[in-house]
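Remarks on the overall topology
For reference, the chains in residue letters:
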Amino acid sequence: MELIQNTSDLSAYLAADEVIDHHHPLVRETAAQLAMGAVDSYAYARAAYEFVRDTIPHSADSGDPRVTWRASAVLEQRTGICYAKAHALAALLRAEDIPTALCYQRLAHDDGGGHVVHGLVAVRFNGAWHRQDPRGNKAGVDARFSLDGERLAWVPDPESNEVDYPVLYAEPHPAVLGVLKAAPDRPYLWKTLPTAL
């Protein structure tokens, strides 16, 4: 699949905003700590990915009812669904000048009823984009950081109407951000997740 930037301006994939708030002190402090042990930007990207994947539980896995969407809040509260974790990883990567996009898949919903949009990121190295999924591993899910072939949590099944969306967004998709901001808790959020983009 060819990944398509929604803007040709690469600097948009380094920008800070209200969601990917990499200017926030907690994001900067976390990035600095991760960078201390990294010999280069590749090692930093892997460390940031593993930090978000492994130390911030996916709220559905942990049963946490809180809804986070701003990167600094995800890092502070140590919880979030796939979108929130993608926002946190994007902020940590952009804090170290690594172009990072938000991207999405349409997958069959966990409860077997319909579909849901799943969030991940893409990082730019060596002139190419590489998708990464920081949602967190669990039984049946073994996502890994990779610049040599994708190691995502899920591979969409076209026969089940699952889709890899090719667009790389510099900012969260409005449908995603809207449901996150409107949800008072995760059970409510689960009922309002977007089913397609």
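The paragraphs below set out a description of the structure included in this document. Fair warning: this is a prediction, and the values are worked out from it, not measured in the lab.

The next point concerns the state of the cysteines. Applying the stated rule across the entire model yields zero disulfides. The thiol of Cys82 is not disulfide-bonded; the next cysteine sulfur, from Cys103, is found 11 Å away. Residue Cys82 is classed as buried on the basis of its relative accessible area of 8%.

This brings us to the packing of aromatic side chains. Going through the model one piece at a time under the given rule, you end up with five aromatic pairs. Considering the side-chain rings of Tyr13 and Trp129, the 5.1 Å spacing of their centres and the 65 degrees angle between planes classify their relative orientation as edge-to-face. Linking Tyr13 in the loop between strand S1 (4–5) and helix H1 (25–36) with Trp129 in strand S4 (residues 128–132), this pair joins segments that are 116 residues apart in sequence. Each member of the pair Tyr13 and Trp129 is classed as buried.

All right, on to the sheet that holds strand S2 (residues 100–108) then. In spatial order, the strands read S4-S3-S2-S5; together these four strands make up an open sheet with antiparallel pairing. The sheet is open, and its two borders are formed by S4 and strand S5 (163–164), each paired with just one other strand. Of the strands in this sheet, S2 and strand S3 (115–125) are in contact with helix H5 (residues 82–95), which crosses S3 at around 10 degrees.

Reading the values: the criteria
Residues numbered from 1 in each chain as written. Predicted model: local features only at pLDDT ≥ 70, side-chain atom pairs only at ≥ 80, totals over all residues. Heavy atoms only, no water. Disulfide = S-S within 2.5 Å. Buried < 20%, exposed > 50% of the residue type's maximum accessible area, 1.4 Å probe, protein only. Phe/Tyr/Trp six-rings, centres within 6.5 Å; stacked < 30°, edge-to-face > 60°. Helix = DSSP H or I, 4+ residues; strand = E, 2+ residues; numbered from the N terminus. Pairing = 2+ DSSP bridges. Contact = heavy atoms within 4.5 Å. Axes fitted to C-alpha atoms, helices over the stretch in contact; angles between N-to-C directions.

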